[in-house]
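Commentary on secondary and tertiary structure
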Amino acid sequence: MTALPRPAAELSADEARRIALRAQGFLGAPDRRAGVRGVLRHLGAVQLDTISVLARSHELVPYARLGAVGRPVVDRAYWTPGADGAPHAFEYWSHAACILPIEEWPHFAFRRRAYRDRPQWFHDLPDGAYEQVIKQLRTEGPLTATELGGAKNGGEWWDWSASKVAVERALIHGEVVCTERRGWKRVYDLAERAVPSSLLHDGLDDRECLRRLVRLAGQSLGVGTRADLADYHRLKGEQVDSVLADSGLVPVTVAGWDRPAWADPAALETAPRGRHRTTLLSPFDSLIWERARTERIFGFTHRLEAYVPKPKRVHGYFAMPLLSGGRLLGRVDPARDGRTLVAKQVSLDTPKAVAPMAQALREAAEWVGCEDVRVERVDRPELAAALTAALR
């Protein structure tokens, strides 16, 4: 197998793209034995979101890499403890609200300390509310926000109850942890009880936390700029700068990139080869969650339009990009109508996208238990008949 250029050499844009695909689990044979937990540990973070069209994003991420793994299997993999009772994952603020491998608990000590030192919060907290939540968890065991007294006061979305504000504050402080969900509700527990004792510490200083997270980001990205590395766990640029030299990542240049880049040295040892995945991607997938990187690597402009007023949407509420042959070839805005997967709007960048789009739609429909696919609109009308035929 031909080796790629050694550290500090130049990569072609195509080499960088394939390195990124392999690092994210889209090039080469999927590790089915490691399964969903393997995907989580490989990526280092899986973003959570409440939007559910085909499925929620944390389900779509392993599906895109492994294929039609059962949806209950996904939830069990994240939130069911091992035979020893130890959790496999926890939820915390990383790129956004994310599921993280439990081994990363010590790496976020810098963020827990920063939250504890924060002088001002968006929500006021009545005297004694924080202590009451901790006492209740200690006495009664793991509880949802509803079981703690209710999540909301009855107003708008962020009109949280005092107990909800308190338990969320305890979570970001690290005194409370979420390692389980019940019916999509977070289950809160004391960190001292849920996190394995070997990991339950804030012993790493800020610099060591940052060094490890930058190294992990580099491994998950394969190759990236300073901004890419910072964005993965939402670090500041100066934080990345302070540890880059000691991160173990190596400087490279990438043809066509207008800024320096760093690569995981292991990613440079062999040229990425193997089978490409053909799949639909969640907009929150770590392959594409950063717009500037997606445009740089794939020449593909994409943004989530769920929060864009409907008349101003271009591609749809939850448009999912199509990945095939290592390229982003189009997108589809899906919905479900009973046992039918509805492609409300299909955007195809090239006629060559017709067959892979049909394949991806059929596989996604089967995965979520739909028996049929109905296409409502294709942005290139001359390709509509071909797509309909390919779906038969």
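Everything below is about the structure printed above this text.
A brief report on the enclosed structure follows. (Residues numbered from 1 in each chain as written. Predicted model: local features only at pLDDT ≥ 70, side-chain atom pairs only at ≥ 80, totals over all residues. Heavy atoms only, no water.)

**Here's the deal with the packing of aromatic side chains**
In total, this model carries eight aromatic pairs according to the counting rule given. Their ring planes at 10° and their centres at 4.1 Å tell us that Tyr63 and Trp367 sit as a pair that is stacked. Of this pair, Tyr63 sits in helix H3 (residues 57-66) while Trp367 sits in helix H13 (residues 354-367), and the two are 304 residues apart along the sequence. Note on Phe284 and Phe318: the rings are 6.3 Å apart at their centroids and 45° apart in plane angle, and the pair reads as tilted. Taken together, the positions of Phe284 in the loop between strand S11 (279-280) and helix H12 (291-298) and Phe318 in the loop between H12 and strand S12 (320-324) put the pair 34 residues apart, joining distant regions of the chain. Among the aromatic side chains, those forming a connected cluster through ring pairs are Phe90, Tyr92, Trp105 and Phe108. Looking at Arg181, its charged tip hangs above the ring of Trp184, at a distance of 4.1 Å from the centre. The cationic tip of Arg296 hangs over the ring face of Trp257; the distance from NZ or CZ to the ring centre is 4.7 Å. (Phe/Tyr/Trp six-rings, centres within 6.5 Å; stacked < 30°, edge-to-face > 60°. Helix = DSSP H or I, 4+ residues; strand = E, 2+ residues; numbered from the N terminus. Lys NZ or Arg CZ within 6 Å of the ring centre and 35° of its normal.)

**Some details on the environment of Leu54**
Within the element layout of this structure, Leu54 appears in the loop between strand S2 (46-47) and H3. On the basis of relative accessible area, Leu54 is assigned to the buried category, the value being 3%. For the pair Leu54 and Val368, spaced 314 residues apart in the sequence, the C-alpha separation amounts to 6.8 Å. (Buried < 20%, exposed > 50% of the residue type's maximum accessible area, 1.4 Å probe, protein only.)

**With respect to the environment of Arg113**
Looking at the element boundaries, Arg113 is found in helix H5 (residues 109-116). Take Arg113: its relative accessible area is 22%, and that puts it in the partly exposed class. Between the alpha carbons of Arg113 and Ala266 there is a distance of 32 Å; along the sequence they are 153 residues apart. Setting aside its immediate chain neighbours within four residues, Arg113 contacts Asp202, Leu204, Asp205, Asp206 and Cys209. Separated by 2.7 Å, the side chains of Arg113 and Asp206 make a polar contact. (Contact = heavy atoms within 4.5 Å. Polar contact = N/O pair within 3.5 Å; in protein donor to acceptor, adjacent residues only side chain to side chain.)

**With respect to the pairing of strand S3 (residues 89-93)**
Counting buried positions along S3 gives four out of five residues, so the element sits mostly inside the fold. Judged from the five bridges that link them, S3 and strand S4 (residues 97-101) form a sheet pairing that is antiparallel. The residue bridging Tyr92 from the neighbouring strand is Cys98, located in S4. Two successive antiparallel strands, S3 and S4, enclose a turn made up of three residues. (Pairing = 2+ DSSP bridges.)

**Observations regarding the nonpolar core**
Leu137, Val176 and Leu229 are the most contacted members of the largest nonpolar core, which totals 66 residues. Ranked by the residues each element gives to this core, the list is headed by helix H9 (residues 206-221), at six residues. Not counting residues up to four positions away in its chain, the partners in contact with Val176 are Ile134, Leu137, Val167, Ala170, Leu171, Tyr188, Asp189, Leu190 and Ala191. Core analysis: the second largest hydrophobic core is formed by 34 residues, Leu322, Val368, Val373 and Val378 among them. (Core = buried A, V, L, I, M, F, W, Y, C linked by side-chain atoms within 4.5 Å.)

**Regarding the side chain of His58**
Its place among the elements puts His58 in helix H3. A polar contact is formed between the side chain of His58 and the side chain of Asp75, at a distance of 3.2 Å. Among all residues touching His58, those that are not within four sequence positions of it are Val46, Gln47, Leu48, Val74, Asp75, Tyr78, Trp79, Ile99 and Trp184.

**Side note on the pattern of salt bridges**
Working definition: two side chains of opposite charge can pair if their charged atoms are close together. By the definition in use, this model includes 29 salt bridges. Note that Glu59 and Arg71 form a salt bridge whose closest N and O atoms lie 3.3 Å from each other. Remark: Arg71 occurs in helix H4 (residues 71-79) and Glu59 occurs in helix H3; sequence separation between them is twelve residues. A residue is classified by how much of its surface remains accessible, and Arg71, at 24% relative accessible area, is partly exposed. Here Arg181 and Glu91 are joined by a salt bridge, their closest N and O atoms 2.7 Å apart. Within this pair, whereas Arg181 is found in strand S6 (residues 176-182), its partner Glu91 is found in strand S3, the two being separated by 90 residues in sequence. Across the pair, exposure class does not vary: Arg181 and Glu91 are buried alike. Taken together, the shared-partner salt bridges connect Glu91, Lys164, Glu168, Arg181 and Arg186 into one network. (Salt bridge = Lys/Arg side-chain N within 4 Å of Asp/Glu carboxyl O.)

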